Structure formats: C-alpha cells, structure tokens
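# Commentary on secondary and tertiary structure
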Amino acid sequence: MRIGIVCYPTFGGSGVVATELGKALAGNGHRIHFITYSQPVRLDFFSENISYHEVTIAKYPLFDYIPYETALTSKLVDVAMFEGLDILHVHYAIPHASVAYMAKQILATKGIRLPVVTTLHGTDITLVGKDSSYEPVVTFAINHSDGVTAVSDSLRQDTYTNFPITKPVEVIPNFIDLQRFSRRPKDHFRKAIAPDGERLIVHTSNFRKVKRVQDVVEVFNRVRKEIPAKLLLIGDGPERHHIEQLCRDLGLCDDIRFLGKQELIEEVLSISDLFIMPSETESFGLAALEAMACQVPVISSNAGGIPELNIQGVTGYMSPVGDVEDMAANALRILKSDDTLKTFKSAALQRASEFDIKRILPLYEAYYEGVISGVLAD
Ligand code: GMT
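Residues numbered from 1 in each chain as written. Predicted model: local features only at pLDDT ≥ 70, side-chain atom pairs only at ≥ 80, totals over all residues. Heavy atoms only, no water.

### Observations regarding the domain arrangement of the protein chain
Per the domain assignment, the segments of the protein chain are domain 1 (2-175 + 357-373) and domain 2 (187-355). For domain 1 versus domain 2, the separation of C-alpha centres amounts to 31 Å. With 20 residues of domain 1 in contact, the opposing surface of domain 2 contributes 17 residues. Together, Phe11, Asn174 and Arg359 form the three largest contributors to the area buried by domain 1 at its contact with domain 2, with a combined 33%. Counting the contacts that link domain 1 with domain 2 gives one salt bridge. Arg42 is the salt-bridge partner of Glu290, the closest N and O atoms lying 3.1 Å from each other. Remark: the boundary between domain 1 and domain 2 carries eight residue pairs in polar contact (both at pLDDT 80 or more). Looking at the side of domain 1 that touches domain 2, the elements that each hand over two or more residues are helix H1 (13-27), helix H6 (153-162) and helix H14 (357-372). (Domains from an automatic or database assignment. Contact = heavy atoms within 4.5 Å. Buried area = accessible area lost by both parts, 1.4 Å probe. Salt bridge = Lys/Arg side-chain N within 4 Å of Asp/Glu carboxyl O. Polar contact = N/O pair within 3.5 Å; in protein donor to acceptor, adjacent residues only side chain to side chain. Helix = DSSP H or I, 4+ residues; strand = E, 2+ residues; numbered from the N terminus.)

This is the structure:
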C-alpha cells in the first residue's frame, strides 16, 4: 500500500506511535509518506520505502496566526496526487482529522478517492478536543473519517461519552519494538548514578500538568525516607520549573537528576528499577510500556487506559489519582526485596511482549485494507 502519515513530529506519544508504525509498515514493504512540519524525531534511519514531505508555510504580514491547516491541506493534496496514495492515516484529531477531510474533498473534485483513517490518541479527546472551541470540528471530522481507531478501550468509551459520534471506533493499542526496547547491560552507567547500590526510580513525560510530576517527587520523597534511592526525571515541558522548585523545597536535589529530553531512552530504562506514572488522564501510557519492555515495573494512577496495560500486583500497582501515600507504599513493597523486584521485572517484560509491534502491525494492515475496500466506509 502507498500510505500517507500525518502526525506531530515531536517527542509526544502520538508522534512516536505514528513514526514507529510508519517505519514498521515500510519494513513490511509498504511505501510510506510522512507529511509533517519537521522531520519526526523517531524517523532516524534511511529506508527506500520512506519519504518525508515537509509542510512549508508562506508567511505574510497580515497573518497574526500562521494558517498551518491550509498549508498542510495543500501539501496533502499534492502528495496524494503525485504519489498516488491509497490511504491517509492521521494521528491526533486536532487539526489533522479536519485537514484530512478538506484534502479528501478537494481530491474528490479531481476524481481521486483518498480514504482517511483517524487515530485518536488521548488529550485530543479527553482534554483539548472536548473544549467548546474545538468540539464541533472534532465531532464532524471523526464522523467523516472513513475509519477511526483509538489506542485503548477507555479512550474509545471517552470518545463516545464526550462527542456525539456515529462512527464505529476500533481499538488498536499502542505497541513496542522489543528489539529496541530491551534491558541492556549498562552497569557502568548505573554505578555512575547510583554508586552505593541505591534503587533507581524513573519518570519520563512532557512535564505537562496532566502528568502530575509533582506526585512523582512526593512518592520519591516518601520512598527515600525508607530506602536509599535516586530519581531520574526525563523530558521537559511547562511544569519543569515548578518541579525543580519542589525538589529544592523538599531538600532532594542531591538525589534527583533532571536529564531533559533523551533520544536513547532505553539506555536509561535499562538501569532503572521502577517507573512512576501518576497521570491525571492517560489514554494508554506508552511511556510505561517502554519501561516495562526494559523490565521496569510500574507504579501508576488508575486513570484512563492504564489498567489495560499495568496489572495490579503483577507488573506493578495502581492507585487513585493523587494518592501519593498509597503509591509510595506500593513502591516500597516492590523495591524492598531483591526477590520481589526480580519477579515484578520479569512480569513487566512478559506483559510488554503482548504489545509487540509484530502482533499489532497486522491489525493496522487489516484495518487499512477494510477501509480501502470500502467495507468500513459510510
Ligand atoms: O501525553 C503525551 O505524552 C502525548 C500524547 C500525544 O498524543 O502526543 O500521548 C497520548 O498518546 C499516547 C500514544 O497513543 C498514549 O500512550 C498516551 O497515553 C496519550 N497521553 C494521554 O492520554 C495524556
């Protein structure tokens, strides 16, 4: 198939899923065209089956706001016509689903059919999308996509709750490349960070409010009072300044490292003992899946789709959002004994293997085929 992929090219979960999916599809012989405003961060290798089309935007003094949607629509029309796309897959509803609809209508006037699949990722439904400033467009665009997928059953339910959706929503979960995300021997790295054998706790996110990074620090503070431990915070975002201040206020600066955005995240996960994800909402929790694939058990909230990944008492523990006391008690249950930690580590990997990209890729391929053949069309 000749497949166009539109996504945010950043470190965000939806961009990572879109890029990894495109790479895997290319590996299976499909011809992939990424259409984004900059090169996706995970598009880090050359393949004869992958092309990257940059959306360039002509600036004009009249524009206080750059009309990105118009430029993206024009680019989609151009790529679809020139490359003969069979299907267009857009990730994150805003603004990609409505842009895709517009491109599809323009192509229809030229006698070209371009089926569109929209994948809902999370905050496009649970947070931003349901705001009245976006809702009518998001509803229309979802209802007029030829196929709609959500990354968890929880997100599927949220979609029906938050929007008057008439389209069937297919659940295709996030996935993991177990070749890349596997525990590697990195003892020298571990010794440098935890020289006295301290337990290593890790959190990765975009440091937005919804991630509740302050809870990570509060949990760590309680754990550290009981056992020697260090915390690694990976990523960057609007809340980082407040979190740094909290670490200072709690006197934790010597035991917490802010590592910023990391491309080789699997290397940090390889030396970690516990991952904390206390999110307010989380449609799936790709960051937790990446940790589990590297044999890192997960202490999380029970928000959104997390219970579809993290198994209570097996791969980690879940607590109500904001319950840092319970999260800390659960973290200590796992970390206090080497044997318990070992059992949780191996269960985490076993669970992650169920989301192996080799299992999920055929689901997308079959779904595309259904959409192209018209089986799933209105
Ligand atoms: O929250 C993020 O990290 C970014 C966000 C996105 O759409 O870029 O991630 C969402 O999509 C991921 C991939 O499908 C999911 O694994 C995340 O759970 C989801 N984030 C939220 O729902 C908050």
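Text resumes after the structure shown.
### Quick look at the pattern of salt bridges
Under the criterion given, the structure shown has 25 salt bridges. Glu266 serves as the salt-bridge partner of Arg180, at 3.2 Å between the closest nitrogen and oxygen. Of this pair, Arg180 sits in the loop between strand S7 (169-171) and helix H7 (187-193) while Glu266 is found in helix H10 (residues 265-269), placing the two residues 86 residues apart along the sequence. A relative accessible area of 4% means that Glu266 is categorised as buried. (Buried < 20%, exposed > 50% of the residue type's maximum accessible area, 1.4 Å probe, protein only.)

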